[in-house]
Amino acid sequence: MNQGDISRRAPVVSLGLFADAHYAEMVYGDRHCKESPAKLAACIDTFEQGELDFVVCMGDIIDKSEDHDVELGYLVRMREIFAGFSGPRHFVIGNHDVATLTKDEFLRECGATHPAYYSFDVGNVHFAVLDGNCHRDGNDFSAGNFAWDDAWVSAAQLEWLAQDLAESCDRKSIVFCHENLDHRLWNGELDPHILRNADQVRGVLETAGNVRAVIQAHYHPGLQTTMNGIDYLGLRAMVVGAGLENNSFAIVSVHADGRLVLRGFEQQPNVELQLREDG
Ligand SMILES: [Fe+2]
Ligand SMILES: [Fe+2]
């Protein structure tokens, strides 16, 4: 079989992604929060028609209400729409998800059976989900006690991550994190969308040697960059703009020849990357 035949083979793994739906019954700035249930329904319809191994909600599925029960209602509505996807569903926690709720409350109400950070394997690819919603001292953002521009990965989580990646050193790994792990400046300072200890996290990813891509959300325009052999892909936010033409979500396929193909829907641009092969 020649290289062309290998490239055309079915992907090793296919997954659906959506980010920053921010559902609440309001509109502010460019955030059309109240349209997110309709946008998510269209997204899940598309995912359900594809042959996807799993779908990841990349965080900030809800926005804030002053009332705890109203906010819980926002989450229940979005969870029910997301449940229209019949395969495995994963939740990356975003800062807005814990604006009123605790992490445990959020995950329980989502019906998630996984903790805030964890890992899993599909089709010989390793996936690690990070939780960037911690204070500098490692304590959780919880029920409104959070600062979106002062977010950290805890020391305990960094230790877990190094161990987890070492145990999966024979597999390509992809990392999910709502907050950003790449490096860029804003007004001469570290962009506040980036975790304050992102350099430490990148150090763990680079030392592990098997991490090929980081998928992130939180920075609503989205982005793509490469640092030290690791590709960083930021998804565009679902909440930005009115109408289904301003929806945004993606299907990612990872192929045996190392190609990562992101097919973007509506405002999400397409991306094709060749993941690094060597260790
Ligand atoms: Fe967001
Ligand atoms: Fe966010």
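Above this note sits the structure.
So, a few notes on the structure that sits alongside this text.

Digging into the overall build of the protein chain
For the protein chain, the helix and strand inventory stands at 6 helices and 14 strands. A compact globule built from 279 residues would reach a C-alpha radius of gyration of about 19 Å, and the protein chain, at 18 Å, matches this within 12%. In terms of principal-axis extent, the alpha carbons of the protein chain reach across some 60 × 45 × 40 Å. When each of the 279 residues of the protein chain is scored for burial, the buried share is 56%. The long-range fraction of contacts in the protein chain, counting pairs at least 24 apart against all pairs at least 6 apart in sequence, stands at 67%. Surface summary for the protein chain: the accessible area is close to 11600 Å², and the carbon and sulfur share equals 47%. The averaged location of the 43 negative side-chain charges in the protein chain is 4 Å from the averaged location of its 22 positive side-chain charges.

Things to note about the coordination of the iron ion (ligand 2)
Protein-derived coordination of the iron ion (ligand 2) comes from D60 (OD), N95 (OD1), H178 (NE2) and H218 (ND1), at a distance range of 2.2 Å. Around the iron ion (ligand 2) sit 4 donor atoms; with metal-centred angles ranging over 90 to 159°, the donor geometry is irregular. Separating the iron ion (ligand 2) from the iron ion (ligand 1) is a gap of 3.3 Å, which D60 spans by donating to each of them. Placement of the pair is D60 in the loop between β2 (54-57) and α3 (68-82) and N95 in the loop between β3 (89-91) and α4 (103-110), with a sequence separation of 35 residues. Look at N95 and you get buried, because its relative accessible area is 3%.

Observations concerning the coordination of the iron ion (ligand 1)
All of the protein donors around the iron ion (ligand 1) are D20 (OD), H22 (NE2), D60 (OD) and H220 (NE2); their distances to the metal are 2.1 to 2.3 Å. The motif formed by the donor residues of the iron ion (ligand 1), counted along the single chain, is D-x1-H-x37-D-x159-H. The class for H220 is buried, based on a relative accessible area of 10%.

Each value, and the rule that gives it
Residues numbered from 1 in each chain as written. Chains lettered and ligands numbered in written order. Predicted model: local features only at pLDDT ≥ 70, side-chain atom pairs only at ≥ 80, totals over all residues. Heavy atoms only, no water. Helix = DSSP H or I, 4+ residues; strand = E, 2+ residues; numbered from the N terminus. Rg over C-alpha atoms; globule rule 2.2 N^0.38 Å. Buried < 20%, exposed > 50% of the residue type's maximum accessible area, 1.4 Å probe, protein only. Contact = heavy atoms within 4.5 Å. Areas by Shrake-Rupley, 256 points an atom, 1.4 Å probe, with all protein chains shown as cover. Lys, Arg positive; Asp, Glu negative; His and termini not counted. Charge placed at Lys NZ, Arg CZ, Asp CG, Glu CD. Donors = N, O, S within 2.8 Å, 3.2 Å for Na, K, Ca; no water. Tetrahedral: all angles 85-135°; square planar, octahedral: opposite > 155°, others 65-115°.

What is shown is where atoms sit, not what they do.
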